[in-house]
Amino acid sequence: MKNIMFNHLGVLPQGTFAGSEMSKNKSNQTMNTIKVQMPKGVNRISDFKDFSSYIPEGHVILNKKVTGCGATTYYLSNDTPVILCCHRTQLLENKMENDYLKTVSGISMFYFSRNEDETKTDTLEMMRNLKEFLESCNNPFTPKTPKVLVTVDSLSLVIQVLEEMGILEKFTVISDECQCIIKDSVFKGNTTKAYLRLLDKIKNVIFLTATPNQSKYYAEVSEFKDITMVELEFSDDVLETYNLREFKVKSIFTKVYQIIDEFKENGYFEKKGDKLSTEACFYLNSVEDILKICKKMSFSEDEVNIICSKSQEKKIKKAGYTIGYCPQPGQPHKTYTFITKAAFEGVDFNSLCAMTYIFSNPNKKSLALDIKTDVFQILGRQRIPENPFRLEAKLFFQTKGESMTEEEFDQKIKEKLEYSEGWKNIVENIPNRSLAIVKCNKSQDCFTDDYISYDENSGEFIVNDLVMVAEKIAWENENKQYNSVIQVLRATKGEDVKEDIKDIEDFFLETKDFGKRLKFYCDYLEEYPYLKGL
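Residues numbered from 1 in each chain as written. Predicted model: local features only at pLDDT ≥ 70, side-chain atom pairs only at ≥ 80, totals over all residues. Heavy atoms only, no water.

A word on the overall build of the protein chain
Scanning the protein chain from N- to C-terminus turns up 18 helices and 21 strands. Partitioning the intrachain contacts of the protein chain with sequence separation of at least 6 by distance along the chain shows that 76% fall at a separation of at least 24. (Helix = DSSP H or I, 4+ residues; strand = E, 2+ residues; numbered from the N terminus. Contact = heavy atoms within 4.5 Å.)

Focus on the environment of Ser156
In this fold, Ser156 is placed in helix α5 (residues 155–165). Spatially, the C-alpha atom of Ser156 lies 9.4 Å from that of Asn457, the residues being 301 residues apart in sequence.

Some points on the confidence of the model for the protein chain
On average, residues of the protein chain score 84 in pLDDT, and 86% of them reach the 70 mark or higher. Predicted confidence in the protein chain is weakest over strand β2 (residues 19–24), with a mean pLDDT of 42, and strongest over strand β8 (residues 172–175), with 98. Predicted confidence is poor over residues 4–28, with pLDDT under 50, and the contacts of this stretch with residues over four places away or in other chains come to 75 contacts. (pLDDT = per-residue confidence, 0-100.)

Considerations on the pattern of salt bridges
Counted under the stated rule, the structure contains 25 salt bridges. For Lys272, the salt bridge goes to Glu392, with nearest N and O atoms at 3.0 Å. In this pair, Lys272 sits in strand β13 (residues 270–272) while Glu392 sits in strand β19 (residues 392–397), placing the two residues 120 residues apart along the sequence. Exposure remark for Lys272: the relative accessible area of 38% places this residue in the partly exposed category. Connected via shared salt-bridge partners are Lys35, Lys65, Glu231 and Glu233. (Salt bridge = Lys/Arg side-chain N within 4 Å of Asp/Glu carboxyl O. Buried < 20%, exposed > 50% of the residue type's maximum accessible area, 1.4 Å probe, protein only.)

Section: the packing of helix α4 (residues 120–137) against α5
Here α4 crosses α5 at 50°, and the two axes come no closer than 10 Å. Here α5 runs oblique to α4, going by the angle between their axes. Helix-helix and strand crossings are classified by hand; for α4 and α5 the assignment is right-handed. Here α4 contributes Thr123, Met127, Leu130, Lys131, Leu134 and Glu135 to the contact with α5, which in turn contributes Leu157, Val158, Gln160, Val161, Leu162 and Met165. (Axes fitted to C-alpha atoms, helices over the stretch in contact; angles between N-to-C directions. Parallel < 35°, antiparallel > 145°, perpendicular 65-115°, else oblique. Left-handed = near helix turned anticlockwise from the far one by under 90°.)

Here we look at a negative patch on the surface
A cluster of acidic residues, Glu402, Glu407, Glu408 and Asp410, forms a negative patch on the protein surface. As for its placement among the helices and strands, Glu408 is situated in helix α13 (residues 406–427). (Patch = residues over 30% accessible without salt bridge, like charges linked within 9 Å, V, L, I, M, F, W, Y side chains within 5 Å. Areas by Shrake-Rupley, 256 points an atom, 1.4 Å probe, with all protein chains shown as cover. Lys, Arg positive; Asp, Glu negative; His and termini not counted. Charge placed at Lys NZ, Arg CZ, Asp CG, Glu CD.)

Some remarks on the pairing of strand β7 (residues 145–151)
For β7, a buried count of seven out of seven residues is recorded, marking the element as mostly surrounded by other parts of the structure. Sheet topology note: the strand β5 (residues 82–86)/β7 ladder contains five bridges and is parallel. Within the sheet, the bridge partner assigned to Leu84 lies in β7 and is Leu149. Where strand β6 (residues 107–112) and β7 come together, six bridges link them in parallel fashion. Its bridge partner being in β7, Met109 is matched across the sheet by Lys147. (Pairing = 2+ DSSP bridges.)

Some points on unusual backbone geometry
Here Lys65, not a glycine, exhibits a phi torsion of approximately 70°, which is positive. Here Lys65 lies in the loop between β4 (59–63) and α1 (71–77). Residue Lys65 is classed as buried on the basis of its relative accessible area, which comes to 2%. Phi angles above zero are rare outside glycine, and Glu177 is one such case at about 50°. By the secondary structure assignment, Glu177 is in the loop between β8 and α6 (179–183). Note on Glu177: relative accessible area 7%, which makes it buried.

Thoughts on the packing of helix α9 (residues 252–266) against helix α10 (residues 287–296)
A pair of packed helices can be characterised by two numbers: the angle between their axes and the separation between those axes. Taken N-terminus to C-terminus, the directions of α9 and α10 make an angle of 40°; their axes are 11 Å apart at the nearest point. The orientation of α9 relative to α10 falls into the category oblique. Between α9 and α10 lies a crossing whose hand is right-handed. Contact residues: Phe253, Val256, Tyr257 and Ile260 in α9; Asp289, Lys292, Ile293 and Lys296 in α10. Residue classes in the contact of α9 with α10 are distributed as five nonpolar, no polar and three charged. (Nonpolar A, V, L, I, M, F, W, Y, C, P; charged D, E, K, R; others polar.)

Structural notes on the nonpolar core
In terms of nonpolar packing, the biggest core is built from 63 residues, with Phe51, Leu62, Tyr75, Leu84, Leu232 and Ile358 touching the most fellow members. Ranked by residues supplied to this core, first place goes to helix α16 (residues 485–493) with five residues. The residues touching Phe51, leaving out its near neighbours within four places in the chain, are Ile45, Leu62, Tyr74, Tyr75 and Leu232. Residues Met127, Phe171, Ile452 and Val467 belong to the second largest nonpolar core, which totals 59 residues. (Core = buried A, V, L, I, M, F, W, Y, C linked by side-chain atoms within 4.5 Å.)

Following this line, the structure appears as structure tokens:
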């Protein structure tokens, strides 16, 4: 299977040799970048014999720039003791069920799984189980390389066990889908900042990402300031380009209902020659909206697969459904699969015929996808080469007006930073009793007026630059991607999309002759084929 790449992202191979350069963001901070040229014809990291020799020791960002190259699988199947740390339980569960990893000799995997209603006794039992697992891997007669899978918020417990056993320095942490560190800081900034500070204890950490567009932000985060970024360059013969079609819609619901009604009438979602798509993946970031659709369409549980955060389990059960999972190759798939933002990153979908539909509504923050990161991630989810629709996707979107100018936003950030620094200096000198009260008030992830976080591990109040960067990305997503159709097309097709789409509107207002209108329209679409459907 070839890797999936957007040519317009400017990340096609630029040379035949590995090299190093300093990249700058607009804050004039620098990041050392090493480019590693993958051998011609190689699209899986495991097929690159000397790959590990190109990765420096210490803390490194490994920017794959493509999905589907097997980086996570590589680290779970090699002879290095690994802690795979993720932000999404779905990714960990997906890897634990991976048929290939189950057959790899010489490794053993342990999922440090915890539930929201877990008691202290349950946690201690899980820690004991981890210790026993690690001891079994060290059996001189049947030694195994340990691979520990854990979510971000449980990493401290895993580190505690490894420290007590005196083996922490032997492990490399693979921080998978590391773009989530910044993205998640919008709603859990304390957790993500504490996670980064905790990683300072680990000698070797590899942050994995396939999202090239966030690299400019990493240098603005103190923990990433001096980090090295390794960028993989794949040869042209293993790169593939998605056929993404964009459609502006008035209502997300109306479009979903239309797609489903047409399937029920025709017996297929899309048609490609004699190949029919009889399954569909709907990427919609709202459990409430998904359940509303399921209720209106009277879906049975046999028909629909809802993949979302486990925190939504009670809500899903109340509606008569259960939280689903991603079937492995060869397992049956349901007709309708709905996936939220908390579930798709890093997860493999293995349908033989599923079509991909993506929905984004910037007028509702929870429904607004970052086109340059979220959509790019979604487009790499279908893994089965035999699926004739795996390179096809449709994006249905709405637009919105500018909520705040860039000058106003920059001033807001400046004021919050100044207030945060002043607030931090004051609370560092107040009595411990008052400090405890302030700590309680700052225990929740609320950063409306400041960027102050309390690090329970160090007992320090800090200015959370992760939250600041997350706000910048959110503002850019809202105000530079969805203000117009042109902005959406530039986010998906590249900056060379022409402004003169307005020519169609002007010509149609001035010309009433149907024949001339039709000819102008056809000629225009021939010159700009990406405008079809808008």
